[in-house]
Amino acid sequence: MIGMDEITGKLISGEAWIRQAVRRAIKTGKGSRPMLRWYGVNHLKYLDRQITAGSVLDLTADLSDSIEATIPGVRLRTVIGQENGERIKVSLEVQTNNIEVEA
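Bear in mind the structure is a predicted one, so any value in this text is a computation, not a measurement. (Residues numbered from 1 in each chain as written. Predicted model: local features only at pLDDT ≥ 70, side-chain atom pairs only at ≥ 80, totals over all residues. Heavy atoms only, no water.)

1. Things to note about the pattern of salt bridges
Summed over the entire model, instances satisfying the criterion amount to two salt bridges. Arg-24 is paired through a salt bridge with Glu-6; the nearest N and O atoms lie 2.8 Å apart. In this pair, Arg-24 is assigned in helix H1 (residues 14–27) and Glu-6 in the loop between strand S1 (2–4) and strand S2 (11–13), connecting sequence segments 18 residues apart. Judged by relative accessible area, Glu-6 falls into the partly exposed class, the value being 46%. Glu-15 is paired through a salt bridge with Arg-19; the nearest N and O atoms lie 2.8 Å apart. With Glu-15 and Arg-19 both in helix H1 and four residues apart, this pair spans about one turn of that helix. Residue class for Glu-15 comes out partly exposed when judged on its relative accessible area of 41%. (Salt bridge = Lys/Arg side-chain N within 4 Å of Asp/Glu carboxyl O. Helix = DSSP H or I, 4+ residues; strand = E, 2+ residues; numbered from the N terminus. Buried < 20%, exposed > 50% of the residue type's maximum accessible area, 1.4 Å probe, protein only.)

2. Re a nonpolar patch on the surface
On the surface, Ile-2, Met-4 and Leu-11 cluster together into a nonpolar patch covering about 370 Å² of accessible area. Here Leu-11 is to be found in strand S2. (Patch = residues over 30% accessible without salt bridge, like charges linked within 9 Å, V, L, I, M, F, W, Y side chains within 5 Å. Areas by Shrake-Rupley, 256 points an atom, 1.4 Å probe, with all protein chains shown as cover.)

3. Section: the environment of Lys-89
Tracing the sequence through the fold places Lys-89 in strand S4 (residues 87–94). For Lys-89, a relative accessible area of 29% translates into the label partly exposed. Here the alpha-carbon distance between Lys-89 and Thr-78, two residues eleven residues apart in the chain, equals 8.9 Å.

4. Quick look at helix H2 (residues 53–70)
Here H2 contains 18 residues, and its C-alpha end-to-end distance of 26 Å stays within 8% of the 26 Å for a straight helix at 1.5 Å per residue. The complete set of buried residues in H2 reads Ser-55, Leu-59, Asp-62, Leu-63, Ser-64, Ser-66 and Ile-67. (Expected span 1.5 Å × (residues − 1).)

5. Details of the nonpolar core
Membership of the largest hydrophobic core comes to 20 residues, with the highest contact counts inside it found for Ile-18, Val-22, Leu-63, Ile-67, Val-90 and Leu-92. Where this core is concerned, the elements lending two or more residues are H1, H2, strand S3 (74–83), S4 and strand S5 (97–102). If one sorts the elements of this core by residue count, H1 sits on top with five residues. Discounting chain neighbours no more than four positions away, the residues touching Ile-18 are Ile-71, Val-74, Leu-92, Val-94 and Ile-99. (Core = buried A, V, L, I, M, F, W, Y, C linked by side-chain atoms within 4.5 Å. Contact = heavy atoms within 4.5 Å.)

6. Overview of the environment of Gly-3
In this fold, Gly-3 is placed in strand S1. The exposure class of Gly-3 is buried, given its relative accessible area of 15%. Here the alpha-carbon distance between Gly-3 and Gln-20, two residues 17 residues apart in the chain, equals 9.4 Å. The residues touching Gly-3, leaving out its near neighbours within four places in the chain, are Lys-10, Leu-11, Ile-12 and Trp-17.

7. Observations regarding the side chain of Asp-5
Inspection of the secondary structure puts Asp-5 in the loop between S1 and S2. Although buried, Asp-5 forms no salt bridge, and the nearest oppositely charged side chain, Arg-23, lies 6.3 Å from it. Of note is the side chain of Asp-5, whose polar atom sits 2.7 Å from the backbone nitrogen of Ile-7. With near-sequence residues (within four places) excluded, Asp-5 lies in contact with Lys-10, Ile-12 and Gln-20. (Lys, Arg positive; Asp, Glu negative; His and termini not counted. Polar contact = N/O pair within 3.5 Å; in protein donor to acceptor, adjacent residues only side chain to side chain.)

Shown next as structure tokens:
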């Protein structure tokens, strides 16, 4: 896949593009794009809340749905860590490679 770097405007591809696409999906609230209501995640609802096993499962399902629908061939392996909805780190599987992304 190929796209434009949102900071430099230069063309990027491969792992750099995947990292950017995942960060963008994580930072976009689900339902905030009128033509793409499925895009994004609801992790902001966890801001300043107690994180439980159930909320981590909900967050993982949200991320998985968004990432796998947005980036063909990429599968969410796990949510490595997250800090009350403010920061999140995920592990992805792209073909046979593992990539970690922090947003």
